Structures are given as C-alpha cells and as structure tokens.
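Residues per chain are reported as follows:
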Amino acid sequence: MRRAIQVTGLILLLQGVSGAIDHLAVQPFMGLFLNFFNRVIVPRVEILAAQPLFANLAVAVLGLTMIIAAARS
C-alpha cells in the first residue's frame, strides 16, 4: 500500500511541476499525460481557473507530501 501511495504522489508531483512549466512556457515533453490536470481539470473548475499556477504548484506540494508521508509510515 505504501508503494502505491508513493507512486501516486510521484505522479501528482510530476503533473504539478509540469503544469506549472506549461503555464509559464509550452511543455512539449509528455504533454498529454503530464499536463492532464493543467489542461483538463483547471479550466473546468472556476476557483482553479482563476489561479492556475497556484493550483498546479498546490498539486505538486500535495504529491510531495504524499511521498514523504508514505516513506515515514
């Protein structure tokens, strides 16, 4: 179970960082997979659409928190 949480956290971390990079400049590397949150979820949620950079960085922090929490337990 710990490994699954770490993998999920890693995916969230990568999507958050990639979405932040995509928001600032075009991200050509694995754009469909890594920018799913940035290109699909953010525009459809009004609160997230107002601050897309903050939303992507929050996803990255959530992923990092999941990785750290799974490693400590």
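Within every chain, residues take consecutive numbers counted from 1 along the sequence as written. The model is predicted, so local features are restricted to residues of pLDDT at least 70 and side-chain atom pairs to those at 80 or more, both for listing and for counting; the totals for chains, interfaces and linings are taken over all residues. The basis for the side-chain values is all heavy atoms of the structure; hydrogens and waters are excluded.

**Q** I keep staring at the packing of helix 1 (residues 2-24) against helix 5 (residues 52-72) and nothing clicks. Help me out?
**A** Helix-helix packing: each pair is described by the crossing angle between the helix axes and the interaxial distance. Where helices are involved, their axes are fitted lines through C-alpha atoms of the stretch in contact, as for all axes, and angles between N-to-C directions lie from 0 to 180°. Helix and strand assignments come from DSSP, with helices taken as H or I runs of at least 4 residues and strands as E runs of at least 2, each series counted from the N terminus. Relative to each other, helix 1 and helix 5 sit at 160°, their axes nearing to 7 Å. Relative to helix 5, the element helix 1 is oriented roughly antiparallel. Two packed elements cross with a definite hand, and for helix 1 against helix 5 that hand is left-handed. Residues belonging to the contact of helix 1 with helix 5 are distributed by class as follows: 18 nonpolar, 9 polar and 1 charged. Under this scheme an angle from 65 to 115 degrees is roughly perpendicular, one under 35 degrees roughly parallel, and one over 145 degrees roughly antiparallel; angles in between are oblique. Rotating anticlockwise by less than a right angle from the far helix to the near helix defines a left-handed crossing, while the corresponding clockwise rotation defines a right-handed one. Charged residues are taken to be Asp, Glu, Lys and Arg, nonpolar residues to be Ala, Val, Leu, Ile, Met, Phe, Trp, Tyr, Cys and Pro, and polar residues to be all remaining types, Gly included.

**Q** For this particular structure, what's the right way to read the pattern of salt bridges?
**A** Charged atoms that come close allow side chains of opposite charge to pair. Salt bridges are identified by distance alone: a Lys or Arg side-chain nitrogen within 4 Å of an Asp or Glu carboxyl oxygen. Taken as a whole and judged by the stated rule, the model has 1 salt bridge. One salt bridge connects Arg-39 with Asp-22, and the closest N-O pair in it is separated by 3.1 Å. Taken as a pair, Arg-39 in helix 3 (residues 36-44) and Asp-22 in helix 1 lie far apart in primary sequence, 17 residues in all. According to the relative accessible area criterion, Asp-22 is buried, its value standing at 15%. Remark: exposure states derive from per-residue accessible area (1.4 Å probe, protein chains only) relative to the maximum for the residue type, with buried under 20%, exposed over 50%, and partly exposed in between.

**Q** What is the right way to read helix 5 from this model?
**A** Each turn of an α-helix holds 3.6 residues, which means side chains three or four residues apart point in the same direction. The span you would expect from a helix comes to 1.5 Å times its residue count less one. The first and last C-alpha atoms of helix 5 sit 31 Å apart over 21 residues, in line with the 30 Å expected at 1.5 Å per residue. Taken together, the buried positions of helix 5 are occupied by Pro-52, Ala-55, Asn-56, Val-59, Ala-60, Gly-63 and Ala-70. One side of helix 5 holds all its buried residues, which, seen down the axis, span an arc of 145°. Summarising the geometry of helix 5, the exposed residues directed more than 90 degrees from the buried face are Phe-54, Val-61 and Arg-72. What the arc measures is the spread of directions leading from the helix axis to the C-beta atoms.

**Q** In this structure, what is going on with the UniProt feature "transmembrane region" (unreviewed entry) in the chain? I would like to understand it.
**A** UniProt positions are given in the numbering used here, feature names are shortened, and annotations may be inferred rather than shown by experiment. Look at the UniProt record and you will see "transmembrane region" (unreviewed entry) annotated at residues 53-71. The span residues 53-71 is 100% helix and 0% strand, and its two end C-alpha atoms sit 27 Å from each other.

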